[in-house]
2 protein chains.
Amino acid sequence: MKLAELSDRSGVATATIKYYLRERLLPPGHRISATQAEYDEEHLRRLRLVRALIQVGRIPVATAREVLAAIGDETRDHHMRLGAAVWALPHGRQTDEGDAAGAAAGHTVDALLQRLGWDFCRETGSEAPPYRTLVSAVATIIRLGYPCDVEQLLPYARSAAELAVSDLDLVERYTAGEEQVEAAVAFTVLYEPALLSLRRLAQAEESNRRFG
Amino acid sequence: MKLAELSDRSGVATATIKYYLRERLLPPGHRISATQAEYDEEHLRRLRLVRALIQVGRIPVATAREVLAAIGDETRDHHMRLGAAVWALPHGRQTDEGDAAGAAAGHTVDALLQRLGWDFCRETGSEAPPYRTLVSAVATIIRLGYPCDVEQLLPYARSAAELAVSDLDLVERYTAGEEQVEAAVAFTVLYEPALLSLRRLAQAEESNRRFG
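This is a predicted model, so every value here is computed, not measured. (Residues numbered from 1 in each chain as written. Chains lettered and ligands numbered in written order. Predicted model: local features only at pLDDT ≥ 70, side-chain atom pairs only at ≥ 80, totals over all residues. Heavy atoms only, no water.)

Topic: the overall build of chain A
Next, step 1: The helix and strand tally for chain A stands at ten helices and two strands.
Next, step 2: Along chain A, helices (α) and strands (β) appear in the sequence α-α-β-β-α-α-α-α-α-α-α-α when read from the amino end.
Next, step 3: Based on the C-alpha atoms only, the size of chain A along its principal axes is roughly 65 × 45 × 30 Å.
Next, step 4: Across the 212 residues that make up chain A, the buried fraction comes to 53%.
Next, step 5: Looking at chain A alone, contacts between residues at least 24 apart form 64% of all its contacts between residues at least 6 apart.
Next, step 6: Accessible area of chain A: about 9200 Å², with a carbon and sulfur share of 48%.
Next, step 7: In chain A, 25 positive and 30 negative side-chain charges are present, and the distance between their average locations comes to 6 Å. (Helix = DSSP H or I, 4+ residues; strand = E, 2+ residues; numbered from the N terminus. Buried < 20%, exposed > 50% of the residue type's maximum accessible area, 1.4 Å probe, protein only. Contact = heavy atoms within 4.5 Å. Areas by Shrake-Rupley, 256 points an atom, 1.4 Å probe, with all protein chains shown as cover. Lys, Arg positive; Asp, Glu negative; His and termini not counted. Charge placed at Lys NZ, Arg CZ, Asp CG, Glu CD.)

Here we look at the pattern of salt bridges
Next, step 1: The final tally for this structure, using the stated rule, is 34 salt bridges over all chains.
Next, step 2: Residues Arg210 of chain B and Asp169 of chain A are paired through a salt bridge, measuring 3.0 Å at the closest nitrogen-oxygen approach. With one member in each of two chains, Arg210 of chain B in helix α10 (residues 177-211) and Asp169 of chain A in helix α9 (residues 150-171) form a pair that bridges those chains.
Next, step 3: Here Arg210 of chain B falls in the partly exposed class, since its relative accessible area comes to 26%.
Next, step 4: With relative accessibility at 42%, the residue Asp169 of chain A sits in the partly exposed group.
Next, step 5: In this structure, Asp99 of chain B and Arg143 of chain B form a salt bridge, with 2.7 Å as the shortest nitrogen-oxygen distance. With Asp99 of chain B in the loop between α5 (78-88) and α6 (100-116) and Arg143 of chain B in helix α8 (residues 129-143), this residue pair connects regions lying 44 residues apart in the sequence.
Next, step 6: Classification of Asp99 of chain B by relative accessible area gives partly exposed; the value is 27%.
Next, step 7: Bridged by salt links that share partners, the residues Arg45, Arg46, Arg81, Glu178, Glu179 and Glu182 of chain A form one connected network. (Salt bridge = Lys/Arg side-chain N within 4 Å of Asp/Glu carboxyl O.)

A word on the nonpolar core
Next, step 1: Counting residues in hydrophobic clusters, the biggest one holds 153 residues, and the most contacted among them are Leu53 of chain A together with Leu53 of chain B.
Next, step 2: Considering every element that reaches this core, the biggest residue donor is α10 of chain B, with 17 residues.
Next, step 3: Look past the residues within four positions of Leu53 of chain B in its chain and what remains in contact with it is Arg58, Ile59, Ala64, Val67, Leu68, Leu89, Val185 and Val189 of chain B. (Core = buried A, V, L, I, M, F, W, Y, C linked by side-chain atoms within 4.5 Å.)

Here we look at the environment of Met80 of chain A
Residues and elements named next belong to chain A.
Next, step 1: Following the sequence through the fold, Met80 ends up in helix α5 (residues 78-88).
Next, step 2: Given a relative accessible area of 30%, Met80 falls into the partly exposed group.
Next, step 3: Sequence-wise, Met80 and Glu38 are 42 residues apart; in three dimensions their C-alpha atoms are separated by 32 Å.

Digging into empty space enclosed by the protein
Next, step 1: Enumeration according to the criterion identifies six cavities of 30 Å³ or more in this entry.
Next, step 2: Its boundaries defined by the atoms lining it, the largest cavity holds a volume of some 60 Å³.
Next, step 3: What lines the largest cavity is simply His79, Leu82, Gly83, Val86 and Trp87 of chain A together with Arg200, Gln203, Ala204 and Ser207 of chain B.
Next, step 4: Residue assignment for the lining of the largest cavity shows that the elements contributing at least two residues are α5 of chain A together with α10 of chain B.
Next, step 5: Counting residues per element, the lining of the largest cavity draws most heavily on α5 of chain A, which supplies five residues.
Next, step 6: For the lining of the largest cavity, a count of residues per class yields four nonpolar, four polar and one charged. (1 Å grid on protein atoms, 1.4 Å probe; cavity = no way out; pocket = protein on both sides within 12 Å on 5 of 7 lines; lining within 4 Å. Points joined across faces, edges and corners; volume = space filled by probe spheres on them. Nonpolar A, V, L, I, M, F, W, Y, C, P; charged D, E, K, R; others polar.)

Quick look at the relation of the copies chain A and chain B
Next, step 1: Structural alignment of chain A on chain B gives an RMSD of 0.0 Å, achieved by rotating through 180 degrees and translating 0.0 Å along the axis. When the rotation and shift are considered jointly, the pair of chain copies conforms to a two-fold rotation axis. Identified as the residue of chain A closest to the rotation axis by C-alpha distance is Ser159 of chain A, at 2.7 Å.
Next, step 2: When you check the interface residues of chain A against chain B, 100% turn up at the interface there too, and the contact is symmetric in its surfaces. (Least-squares fit on C-alpha atoms with pLDDT ≥ 70 in both.)

With respect to the packing of aromatic side chains
Next, step 1: Under the criterion given, the structure shown has ten aromatic pairs over all chains.
Next, step 2: Through pairs of rings, three or more aromatic residues link up here, namely Tyr146 and Tyr156 of chain A together with Tyr174, Phe187 and Tyr191 of chain B. (Phe/Tyr/Trp six-rings, centres within 6.5 Å; stacked < 30°, edge-to-face > 60°.)

Put into structure tokens, the structure is as follows:
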């Protein structure tokens, strides 16, 4: 398809598509003349992912390029590409203040992972960005004087495990390896706002049940 | 306690506390002389909440003031104060583009709420900010060409319902009415980054199980 059709089918303005091409967020089209190029379904798929990253995830262009590089990195096996791509997504702040709350949070997270039997996460430990973000989030809660121990985190972790099963089931609807990795990244980003809204709606429903 | 002790116990600098007092995010202390005021446990509790809203929730001062006003609004019953306070929290973008994806998203969310039997949320409908954010999140997913129907959203909604039970159990550890509303707001904000990190860790664990 031509650039105009790629724009129509994706709903992304041609000027924006040209910008993504210049920034190497999209692979170049197949040249058919000095002034025209052809684009295919892979371009359309990639364009949707770029929109998800930038529009919903509000990810800077340079970071989006890293995420896309991890998706296409054929030196890694499927699981590691999936992990590297999702982990390259920026995600909250990681403040390591090295205080008592930080140390307590580290112990709490390690005890939680052990209790859950999440052995892969225990092995990767602080190499994984979400591990560091979790420690930082727990440290902040402790620092502000609110309770946050293994018992309190367990139900959230168990819900997260169920969510991950739904997430990976969605991913497995896609057959090709690279498409699966792309879908995993897109669903991680796109379902976050939906999940947080659903949590607030569910809180209203539960609050009405208890106190209404 | 004096201002210095309030600062020590909360870990918040005295200059920052004075700023919050000027901005009416904290009630004034009890004057004991022309230059000194006394603060109590309620000030400490309120200060922790203000930190949670501003530092973790990154909520503008004016919005934080609205959330705090809703917490203290004694003209509403307990459930409505809780709802109003949580709903005053800013939460994602709500873009209503009035296109086919927006209409499809509205139908999907209504069908989802009916399927779940979330009657309180069905009644309040689009008056509730999280309802509008959810419709907007679903519309974005559809607009980008990814699947998002009732069947796909159901497992996320069911996890959200379980999370809400944990959330409200935490809230009910606090006995006083106003303390419960404060805790609900704080936990909503503070557990969001923890939940999203746990989801990514759980994805890594589940991915390793399936593809590792």
